[in-house]
Amino acid sequence: DVKVTQSSRYLVKRTGEKVFLECVQDMDHENMFWYRQDPGLGLRLIYFSYDVKMKEKGDIPEGYSVSREKKERFSLILESASTNQTSMYLCASSDRGNYNEQFFGPGTRLTVL
Amino acid sequence: DQQVKQNSPSLSVQEGRISILNCDYTNSMFDYFLWYKKYPAEGPTFLISISSIKDKNEDGRFTVFLNKSAKHLSLHIVPSQPGDSAVYFCAVNQGGKLIFGQGTELSVKP
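Described below are features of the structure shown in this document. (Residues numbered from 1 in each chain as written. Chains lettered and ligands numbered in written order. Predicted model: local features only at pLDDT ≥ 70, side-chain atom pairs only at ≥ 80, totals over all residues. Heavy atoms only, no water.)

Helices and strands together make up the secondary structure of chain A, namely zero helices and 11 strands. Along the chain direction, N to C, the helices and strands of chain A fall in the order β-β-β-β-β-β-β-β-β-β-β. Against the globule reference of 13 Å for 113 residues, chain A gives a C-alpha radius of gyration of 13 Å, in line with a compact fold. Principal axes of the C-alpha set define a box for chain A whose edges measure 40 × 25 × 25 Å. A buried classification covers 49% of the 113 residues belonging to chain A. Relative to all contacts within chain A whose residues are 6 or more apart in sequence, the contacts with residues 24 or more apart total 56%. Across chain A, the 16 positively charged side chains and the 16 negatively charged ones have centroids separated by 6 Å. (Helix = DSSP H or I, 4+ residues; strand = E, 2+ residues; numbered from the N terminus. Rg over C-alpha atoms; globule rule 2.2 N^0.38 Å. Buried < 20%, exposed > 50% of the residue type's maximum accessible area, 1.4 Å probe, protein only. Contact = heavy atoms within 4.5 Å. Lys, Arg positive; Asp, Glu negative; His and termini not counted. Charge placed at Lys NZ, Arg CZ, Asp CG, Glu CD.)

Below, the structure is given as structure tokens:
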């Protein structure tokens, strides 16, 4: 059974903390994505990566960075967490050339106090 | 400004009836149009897609219709089942990036 796993289901952090959200996929996919989901806004793309060590900005990259040192792992970093980054964060992966069918992890609900 | 809009946040349907979920988009250059389904506490899962060169695609109980002149996409579920209760997101593929709508929560009542 194919899987995308995320390191935490729930996370509570303080304003100004550095936060790492980890995502691992076991499907040998080239493409990986980070989204955030907010009520009334749907899913919005933060960053994505087509290959190891490659990264591209999505629609809302401000306040975030990413790291992809290994093919199976894609990390989202909040350098200095703020309350407006409280959200559900979803990681996804897809095979090379297939951007339509993305496989999502269960999400991390991050609360920044 | 949102390029993909789902104007109905929720929809309630009786089991066995048709569910129709709607989506509007602004850019006529999109190549693919998609529907994803999301259950609580799970990530979205891909449901069905349609290419911009087609106007209908069917997969079992699910049919997606594309009206390019109206820039409108719809998903029909016939017959609806209680297990279809979920949030449905439409999305478009713009150069390899997916742009999602806000989602519509479908509730199918027994």
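Turning our attention to the side chain of Ser 87 of chain A. All names here are of chain A. Examined against the element boundaries, Ser 87 turns out to sit in strand β9 (residues 87-94). For Ser 87, a relative accessible area of 2% gives the class buried. There is a polar contact of 3.1 Å between the side chain of Ser 87 and the backbone oxygen of Gln 37. (Polar contact = N/O pair within 3.5 Å; in protein donor to acceptor, adjacent residues only side chain to side chain.)

Residue and element names in this part refer to chain B. For Glu 15, the position within the fold is in the loop between β2 (10-14) and β3 (19-25). We classify Glu 15 as partly exposed; its relative accessible area is 42%. Taking the C-alpha atoms as reference points, Glu 15 and Pro 79, separated by 64 residues in sequence, lie 7.2 Å from one another. Ignoring anything within four residues of it in the chain, the contact list for Glu 15 reads Ser 80, Gln 81, Pro 82, Val 108, Lys 109 and Pro 110.

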